[in-house]
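# Geometric and topological summary
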Amino acid sequence: GTFMGGVAQLALAAGHRVTGCDSGVYPPMSDLLRSAGVDVIDGYGAEQMKLAPDLFVIGNVVSRGNPLMEAILEAGAPFVSGPQWIGENLLRGRWVLAVAGTHGKTTVSAMLAAILEHAGLAPGFLIGGVPLDFGVSARAGAAAFFVIEADEYDTAFFDKRSKFVHYRPRTLAINNIEHDHADIFPDIASILRQFHFLLRTVPGSGQVVHPADDERVRRVLEMGCWSERVSFGPGGEWQARLESEDGSAFEVVHRGSPAGEARWPLIGEHNVRNALAAVVAARHAGIPVAQSCAALGSFRSVKRRLERIGLINQIAVYDDFAHHPSAIAATLEALRARLGRQRILAVLEPRSNSMRLGLHRDTLGPALGGADEAWILEPRNLTWDLRRAMASLGPRAHLCGTVEAIIDSLADSARPGDHVVIMSNGDFAGLHPRLLEALEAKHG
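Since we're looking at a predicted model, the values are computed, not measured. (Residues numbered from 1 in each chain as written. Predicted model: local features only at pLDDT ≥ 70, side-chain atom pairs only at ≥ 80, totals over all residues. Heavy atoms only, no water.)

Moving on to the overall build of the protein. Tallying secondary structure elements over the protein gives 15 helices and 22 strands in all. With respect to the principal axes defined by its C-alpha atoms, the protein has extents near 65 × 55 × 40 Å. When each of the 444 residues of the protein is scored for burial, the buried share is 54%. Residue pairs at least 24 apart in sequence account for 64% of intrachain contacts in the protein once pairs closer than 6 positions are excluded. Counting every atom, the protein has about 18,500 Å² of accessible surface; 48% of that belongs to carbon and sulfur. A gap of 3 Å separates the mean positions of the 43 positive and 49 negative side-chain charges of the protein. (Helix = DSSP H or I, 4+ residues; strand = E, 2+ residues; numbered from the N terminus. Buried < 20%, exposed > 50% of the residue type's maximum accessible area, 1.4 Å probe, protein only. Contact = heavy atoms within 4.5 Å. Areas by Shrake-Rupley, 256 points an atom, 1.4 Å probe, with all protein chains shown as cover. Lys, Arg positive; Asp, Glu negative; His and termini not counted. Charge placed at Lys NZ, Arg CZ, Asp CG, Glu CD.)

Pasting the structure below:
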């Protein structure tokens, strides 16, 4: 996984010899690990015990019944979770800037690291994606500052706390909170409780940067906050004024007074909001707002965040990590603001555990409403009626049982001037390169 791949890179930089195993590793992390010199073994065979490592670092995809994990337990071999290893070995004594929330964690973390880098602070970072400004998802860094994406997903099969309780941030940015990860959080209250635990780890001299207009974040803060609070967004002390409809230019305002102006390559109101969180968090680390805005002017975003991966006879193809209805809607709204009446063709893999369990069945159709047409993979393991959920889209929705059917149908439907957005938090069974090949064959 992306997180454990980052842990491997950091352990390697710290002077350790690192090997690892996973199932179905795919780019960009597979390429990063290979180039870093980390040996990756495919599968979890018990024979890997012969490597006799000093320590096994366990990711949260591993569960009881895993052959290698069972062998580790039988042998009494030392093991620890990835988040605990990071907290104890790399974060202790550093100024940790953590970015938490349901959406935008990766992007805000990348922005924050880029701002600190632009200021000459050479931060360390661990991000759940690959920032294009750095080309790697993790770096030890040379300064006291360390930026980390603070995920609320559970730590390991033997530690059901959220990962972020191991990080102990001095600066904490909470972007938003929604119900997600239905496989481990039965309701929103269980998620809020974990965020409350996170707030308990921030020192009194620390700072909590939070949206002023998020009801769930407000509920967490009311459960207890012992640090300085700084609000952003509508109703907050820090706000952003759009200077372009697509969000490519905006002004940062502090209590009504202009504090900085940014013109940057990104689009979308959601990204402007992400930028505001990063700018305010960087201010706690001593970076003036105007300097942060200047850094954002050259920010190149993150791989798989509306990343254009092909242009074939004026048909643009994008790769996007959106897999929650809120993120899907935000991505499509951003593109619509930039493209106007040009056709947007959405391609979605309902892959996340929350999606498979039906948590988003009532909001998925409306979220795709911003697309002119949508192709949705119909997985066999869904526990709910996808066709009924897509009824609001009418004939604009194309449900396909296989990736091959999506590729064939979409290649036939696409025409010059279209913008195709592939949305998945996985590799979509290799759809991306295969779709590009099909479009090239038909339209190139």
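Remark: helix α14 (residues 403-413) packs on helix α15 (residues 431-443), axes separated minimally by 9 Å, with the N-to-C direction vectors making an angle of 35°. Considering only the axes of α14 and α15, their crossing is right-handed. Between α14 and α15, the contacting residues are Val-403, Glu-404, Ile-406, Ile-407, Leu-410, Ala-411 and Asp-412 on the first element and Leu-431, Arg-434, Leu-435, Ala-438, Leu-439, Lys-442 and His-443 on the second. For the contact of α14 with α15, the per-class residue count stands at 9 nonpolar, 1 polar and 4 charged. (Axes fitted to C-alpha atoms, helices over the stretch in contact; angles between N-to-C directions. Left-handed = near helix turned anticlockwise from the far one by under 90°. Nonpolar A, V, L, I, M, F, W, Y, C, P; charged D, E, K, R; others polar.)

Opposite charge on two side chains makes pairing possible when the charged atoms of those side chains draw close. Under the criterion given, the structure shown has 22 salt bridges. Where Glu-237 meets Arg-255, a salt bridge forms, and the shortest distance between an N and an O atom there is 3.2 Å. Taken together, the residues Glu-237 in the loop between β13 (228-232) and β14 (238-242) and Arg-255 in the loop between β15 (249-254) and β16 (257-263) connect sequence positions 18 residues apart. What makes Arg-255 exposed here is its relative accessible area of 62%. A salt bridge links Glu-307 to Lys-303, with the nearest nitrogen and oxygen atoms 3.0 Å apart. Overall, the relative accessible area of 16% leaves Glu-307 in the buried class. (Salt bridge = Lys/Arg side-chain N within 4 Å of Asp/Glu carboxyl O.)

Attention shifts here to the packing of aromatic side chains. Counted under the stated rule, the structure contains 6 aromatic pairs. Ring centres of Phe-79 and Phe-158 lie 5.1 Å apart, and the angle between their planes is 70°; this geometry places the pair in the edge-to-face category. Here Phe-79, found in strand β4 (residues 79-81), pairs with Phe-158, found in the loop between β9 (154-156) and β10 (159-162); they are 79 residues apart in sequence, far enough to count as distant. You can call Phe-158 partly exposed: its relative accessible area is 36%. Arranged with centres 5.3 Å apart and planes meeting at 50°, the rings of Trp-95 and Phe-145 form a pair that is tilted. Remark: Phe-145 occurs in strand β8 (residues 145-149) and Trp-95 occurs in strand β5 (residues 95-100); sequence separation between them is 50 residues. Among the residues examined, Trp-95 registers a relative accessible area of 23% and is labelled partly exposed. Through a chain of ring-to-ring contacts, the aromatic side chains of Phe-79, Phe-157 and Phe-158 assemble into a single cluster. The ring of Phe-3 carries the charged tip of Lys-163 above its face, separated from the ring centre by 4.5 Å. (Phe/Tyr/Trp six-rings, centres within 6.5 Å; stacked < 30°, edge-to-face > 60°. Lys NZ or Arg CZ within 6 Å of the ring centre and 35° of its normal.)

Compared with the 18 Å implied by 1.5 Å per residue over 13 residues, the 17 Å span of α15 between its first and last C-alpha is a close match. For α15, the full list of buried residues reads Leu-431, His-432, Leu-435, Leu-436, Leu-439 and His-443. Mapping the buried residues of α15 onto a view down its axis gives an arc of 130°, with all of them on the same face. Of the exposed residues in α15, those oriented more than 90 degrees away from the buried face are Glu-437 and Ala-441. Looking at the buried positions of α15, the neighbouring elements they touch are β17 (307-312), β18 (315-320), β19 (344-348), α14 and β22 (419-423). (Expected span 1.5 Å × (residues − 1). Arc of directions from axis to C-beta.)

Rolled over the atoms, a probe as big as a water molecule pinpoints where empty space is left. In this structure, the second largest pocket encloses a volume near 350 Å³. Lining the second largest pocket are 17 residues, and of these Gly-87, Arg-92, His-166, Tyr-167 and Arg-168 lie nearest its centre. Among the residues forming the lining of the second largest pocket, the class breakdown is 6 nonpolar, 5 polar and 6 charged. (1 Å grid on protein atoms, 1.4 Å probe; cavity = no way out; pocket = protein on both sides within 12 Å on 5 of 7 lines; lining within 4 Å. Points joined across faces, edges and corners; volume = space filled by probe spheres on them.)

Attention now goes to the environment of Phe-158. A sequence separation of 95 residues divides Phe-158 from Ser-63, and the C-alpha atoms of the two residues are 8.6 Å apart. Apart from residues lying up to four places away in sequence, Phe-158 is in contact with Ile-58, Phe-79, Val-80 and Ser-81.

A word on helix α9 (residues 289-296). Of all the residues in α9, the buried ones are Val-289, Ser-292, Cys-293, Ala-295 and Leu-296. One face of α9 carries all of its buried residues, which in axial projection span an arc of 160°. Looking at the buried side of α9, the elements it contacts are α5 (105-118), β14, β15, β16 and α8 (269-284).

Before going further, it helps to spend a moment on the side chain of Asn-175. Mapped onto the fold, Asn-175 is located in the loop between β11 (171-174) and α6 (188-199). Judged by relative accessible area, which is 3%, Asn-175 ranks as buried. At a separation of 3.2 Å, a polar atom in the side chain of Asn-175 contacts the main-chain carbonyl oxygen of His-103. If near-sequence neighbours (up to four positions away) are discounted, Asn-175 is found in contact with Ala-100, Gly-101, His-103, Gly-104, Val-108, Pro-211, Phe-232, Asn-274 and Ala-277. (Polar contact = N/O pair within 3.5 Å; in protein donor to acceptor, adjacent residues only side chain to side chain.)

Time to look at the pairing of β18. Of all 6 residues in β18, 6 are buried, a share of seventy percent or more. On β18, burial covers both faces: Ile-315, Val-317 and Asp-319 on one face and Ala-316, Tyr-318 and Asp-320 on the other are all buried. In this sheet, β18 lies alongside β17 in antiparallel orientation, the contact comprising 5 bridges. Note that in β18 the partner of Ile-312 across the bridge is Ile-315. In sequence, β17 turns back onto β18 through a hairpin of 2 residues, with Asn-313 there showing a positive phi of about 50°. (Pairing = 2+ DSSP bridges.)

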